[in-house]
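If you want the building blocks of each chain, they are given just below.
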Amino acid sequence: KKVWSISTTVRNPERLRNFLITLKELENQEWNKETQIEFQIRLIKNRFYGFSNTQFYNGLTQEQRDLIDDVKNSISLEQATEILETKNYVDADMRGRNSYKPLEKMGLASILDDKIKITSLGEYLLQDDYDLGDMFFKSFLKWQYPNPVDRDFNDNEIYNLKPFILTLQLINKVNNICKIKEIKVKGISRLEFEIFGQTLLNYADLETQANSLVNFRLALEKVKGHKEKKDFRETYIDDFLSDFSNIDYNNLGDYADNTIRYFRLTRFIYIRGGGYYIDLEPRRMIEINNLLN
């Protein structure tokens, strides 16, 4: 079993459009090692990758750094190629594939007959009057597992979910349980989303997972002291996630933050409780209830 998440390759969702604009330059070309490297080169050329990134500047000459910073002048394809070669990546093609992957995962691009294609959703994002929230909403409605082309999430014995829809269902179910138990209704915390949101792999487990979340919340609230709470959380997470194969505890919070950042763009969830809780957007409850039904 593996936790689901949104790729952290592009942490700022609005950068996806810039990546897509660059991929459009290569549309209908064969997706091979050469074009994967060229895609990364063009991202550098367009200042969509590496620009103002001090870590990326490591190893570059002062002249190359000045060139990247000088936004009044364009970077040629040849200069961008030299910059990538100066970085001396042993896996430049893999970096191109990693930059492409979020576009594919969001349904903005695909490889058909080994060639790069921009989808209808991708073409919508390229229009001048695009709505980023609407685009992500349409994308998330289609995002589901198992996915036969994703080797990490193609097992239909494990996965049966639409992550965005099931997240809405989880928040709603938790809120309803809290109402019944006469506990304050406040959505779910970021920590609770880390543990119970991204590990919810089958819609049939929704009620069990929601009850586990509420029980965890109540148990944690009874623990006194900062260190004691920290120990309780870590022990619980170790036990609860012990049978997941792709858990990196240091990155689990990053995955959750990134997913929440993307989900918020749909305007179907909002942040409350000092930024610590996510809840259903009350102004969209007609649409949300239709989705939940």
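This write-up is about the structure you can find in this document. (Residues numbered from 1 in each chain as written. Predicted model: local features only at pLDDT ≥ 70, side-chain atom pairs only at ≥ 80, totals over all residues. Heavy atoms only, no water.)

Points about the overall build of the chain
Along the backbone of the chain there are 14 helices and 5 strands. In terms of principal-axis extent, the alpha carbons of the chain reach across some 65 × 40 × 35 Å. Here the chain holds 293 residues, and the buried ones make up 45% of them. Put simply, of all contacts in the chain between residues at least 6 apart along the chain, 65% involve residues at least 24 apart. Accessible area of the chain: about 15,500 Å², with a carbon and sulfur share of 45%. Positive and negative charge centroids in the chain, built from 42 and 45 side chains respectively, lie 6 Å apart. (Helix = DSSP H or I, 4+ residues; strand = E, 2+ residues; numbered from the N terminus. Buried < 20%, exposed > 50% of the residue type's maximum accessible area, 1.4 Å probe, protein only. Contact = heavy atoms within 4.5 Å. Areas by Shrake-Rupley, 256 points an atom, 1.4 Å probe, with all protein chains shown as cover. Lys, Arg positive; Asp, Glu negative; His and termini not counted. Charge placed at Lys NZ, Arg CZ, Asp CG, Glu CD.)

What about helix α8 (residues 132–142)?
Every α-helix winds through 3.6 residues per turn, so residues three or four apart in the chain are directed the same way. Of all the positions in α8, only Leu132, Gly133, Met135, Phe136, Phe137, Ser139 and Phe140 are classed as buried. Backbone nitrogen of Gly133 and a side-chain oxygen of the N-cap are separated by 2.9 Å at the start of α8; the cap is Asp131. (Polar contact = N/O pair within 3.5 Å; in protein donor to acceptor, adjacent residues only side chain to side chain.)

A few points about the pattern of salt bridges
By the definition in use, this model includes 18 salt bridges. With a shortest N-O distance of 2.7 Å, Glu38 and Arg42 are connected by a salt bridge. You can see Glu38 and its partner Arg42 sitting in helix α2 (residues 33–45), 4 residues apart, about one turn around the helix. You can call Arg42 buried: its relative accessible area is 17%. Lys227 is the partner of Asp231 in a salt bridge, and the nearest nitrogen-oxygen pair spans 2.9 Å. On the criterion of helical spacing, the pair formed by Asp231 and Lys227 is a turn pair, its members being 4 residues apart in helix α12 (residues 226–240). A single network of salt bridges, built from pairs that share partners, joins Lys24, Glu27 and Glu123. (Salt bridge = Lys/Arg side-chain N within 4 Å of Asp/Glu carboxyl O.)

Some words on the packing of aromatic side chains
Within this structure, the stated rule accounts for 28 aromatic pairs. With centroids separated by 6.4 Å and ring planes inclined at 65 degrees, the aromatic side chains of Trp143 and Phe263 adopt a geometry described as edge-to-face. Of this pair, Trp143 sits in the loop between α8 and α9 (163–180) while Phe263 sits in helix α13 (residues 249–264), and the two are 120 residues apart along the sequence. Plain terms: the ring middles of Tyr145 and Phe153 are 4.6 Å apart, the flat faces sit at 25 degrees to each other, and that makes the pair stacked. We classify Phe153 as buried; its relative accessible area is 8%. One residue, Lys87, lies across the ring of Phe56, its end atom 5.1 Å from the ring centre. (Phe/Tyr/Trp six-rings, centres within 6.5 Å; stacked < 30°, edge-to-face > 60°. Lys NZ or Arg CZ within 6 Å of the ring centre and 35° of its normal.)

Considering the packing of helix α1 (residues 15–24) against α2
In the contact formed by α1 and α2, the axes pass within 9 Å of each other and the chain directions differ by 120 degrees. Here α2 runs oblique to α1, going by the angle between their axes. In the crossing of α1 with α2, the sense of the turn from one axis to the other is right-handed. Between α1, through Phe19, Thr22 and Leu23, and α2, the contact on the second element is made entirely by Phe39, Arg42 and Leu43. (Axes fitted to C-alpha atoms, helices over the stretch in contact; angles between N-to-C directions. Parallel < 35°, antiparallel > 145°, perpendicular 65-115°, else oblique. Left-handed = near helix turned anticlockwise from the far one by under 90°.)

Examining the environment of Asn251
Position of Asn251 among the secondary structure elements: in helix α13. Considering only alpha carbons, one finds Asn251 and Thr8, 243 residues apart in sequence, at a separation of 9.9 Å.

Details of the pairing of strand β2 (residues 115–118)
Going residue by residue along β2, you find Ile116 and Ile118 tucked away on one face and Lys115 and Lys117 left uncovered on the opposite face. What sits between strand β1 (residues 109–112) and β2 in their antiparallel hairpin is a turn of 2 residues, with Asp113 showing a positive phi close to 55 degrees. (Pairing = 2+ DSSP bridges.)

Side note on the side chain of Asn258
Checked against the element boundaries, Asn258 lands in helix α13. Judged by its relative accessible area of 0%, Asn258 falls in the buried class. Here the side chain of Asn258 touches Arg261 through a polar contact of 2.8 Å, side chain to side chain. Every residue in contact with Asn258, bar those within four places of it in the chain, is listed here: Ile6, Ser7, Thr8, Val10 and Arg11.

A word on a negative patch on the surface
A grouping of Glu63, Asp66, Asp69, Asp70, Glu78, Glu82 and Glu85 is seen on the molecular surface, where their side chains present a negatively charged patch. Elements supplying a minimum of two residues to the negative patch: α4 (62–69) and α5 (77–87). Relative to the helices and strands, Asp70 is located in the loop between α4 and α5. (Patch = residues over 30% accessible without salt bridge, like charges linked within 9 Å, V, L, I, M, F, W, Y side chains within 5 Å.)

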